[in-house]
Amino acid sequence: MTEFVTAMSIFRRQPWSLWWIQFRRFARIEIRRNLFTRRAWWIYFLAFVPAVIILIHLLVDTHRGMDMSEDTQVLAGIVQLYYVRLGIFFGCLGIFSRLIRGEMIERSLHYYLLSPVRRELILLVKFFAGAVSAVVLFGGAVLADFVLMYAAYGAAGREYIAQGQGLGQIEAYLLITVLACLGYGSLFLLLSLMFRNPMPGALLLWGWEAINPVMPSLLQKFSVASYLRHLMPVSVPAEGIFALLTVETEPVSAWVAVLGLLALIALVLVYSCYRMRRLEIRYITD
């Protein structure tokens, strides 16, 4: 009981209002740097290239003989096979690996480290800004894909979105997008703290995510995509040799998958804060 009272006393004495002001000001700066820079053009491309392709089909193809369920399956494949495994993965690599390692290369991170701000706060601000940037880009792109996919069906498409299964599907896809940005972002932020060049580690992570469905069920838990797979409103079955090698795991409820992934993200961020506290910059070698 005494330890609890002491801990609460220490908690109340912390300068929370100052930290909140610093957090907001740094976050605005970092979000602008992530979204409104010429170097982010290729991340915009990764996010919106499916929407451009769908728009071209919308303008050229009249959808004669097409079934709405077929397009629903196509959209599920875009989210599960493109965004989760490619677009969001490499988009977050570009955003989050630059937050620490990129500024070390540009010799600008020391300005933050020399300011009267806790290093843990700097890291959390950068993670928050990167997450907001990724969610805005890829969440907006997924929403655009969804709207364009059903726009060709006119009133039937609007009814499917508003009164049918469409509303639940887009909510699930947006939740998957947010969790994917948070999960991959936290991992890439940690890699940028641990290695001078995070690219080899990112490629290993990409390979692990790719082969994860064929791994034993216990090892599948150490993967972002494995948690997101349980949240998919429309399943995309594996084909070819992967259908033979895929290990089917016990289905879990959505809230268990969400809490499991959030716990993994929290663990990565805690260790990242520890690494940030011990970070040393040697511009002669870095």
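The preceding data block contains the structure.
Computed from a predicted structure; not experimentally measured.

Focus: the packing of aromatic side chains
- A complete count under the given rule lists 13 aromatic pairs for this structure.
- Arranged with centres 6.0 Å apart and planes meeting at 10°, the rings of W20 and F23 form a pair that is stacked. Taken together, the residues W20 and F23, both in helix α2 (residues 16-35) and three residues apart, mark about one turn of the helix.
- By relative accessible area, F23 is classed as buried at 17%.
- Ring-pair connections join several aromatic residues into one group, and the members of that group are F89, F90, Y184, F188 and W206.

Regarding a nonpolar patch on the surface
- Taken together, V52, L55, I56, L59 and V60 make up a surface patch of nonpolar side chains, about 490 Å² in accessible area.
- Structurally, the position occupied by V52 is in helix α3 (residues 41-60).

Quick notes on the pattern of salt bridges
- What the rule picks out here adds up to six salt bridges.
- With a shortest N-O distance of 3.1 Å, E103 and R33 are connected by a salt bridge. Of this pair, E103 sits in helix α4 (residues 68-105) while R33 sits in helix α2; the two residues are 70 residues apart in sequence, bridging distant segments of the chain.
- According to the relative accessible area criterion, E103 is buried, its value standing at 2%.
- Between E120 and R277 there is a salt bridge whose closest N-O contact spans 3.4 Å. Residue E120 is located in helix α6 (residues 119-151), and its partner R277 is located in helix α13 (residues 254-277); the two are separated by 157 residues in the primary sequence.
- If you follow the salt bridges from partner to partner, you end up with E30, R33, E103 and K126 in one network.

Criteria and cut-off values
Residues numbered from 1 in each chain as written. Predicted model: local features only at pLDDT ≥ 70, side-chain atom pairs only at ≥ 80, totals over all residues. Heavy atoms only, no water. Phe/Tyr/Trp six-rings, centres within 6.5 Å; stacked < 30°, edge-to-face > 60°. Helix = DSSP H or I, 4+ residues; strand = E, 2+ residues; numbered from the N terminus. Buried < 20%, exposed > 50% of the residue type's maximum accessible area, 1.4 Å probe, protein only. Patch = residues over 30% accessible without salt bridge, like charges linked within 9 Å, V, L, I, M, F, W, Y side chains within 5 Å. Areas by Shrake-Rupley, 256 points an atom, 1.4 Å probe, with all protein chains shown as cover. Salt bridge = Lys/Arg side-chain N within 4 Å of Asp/Glu carboxyl O.

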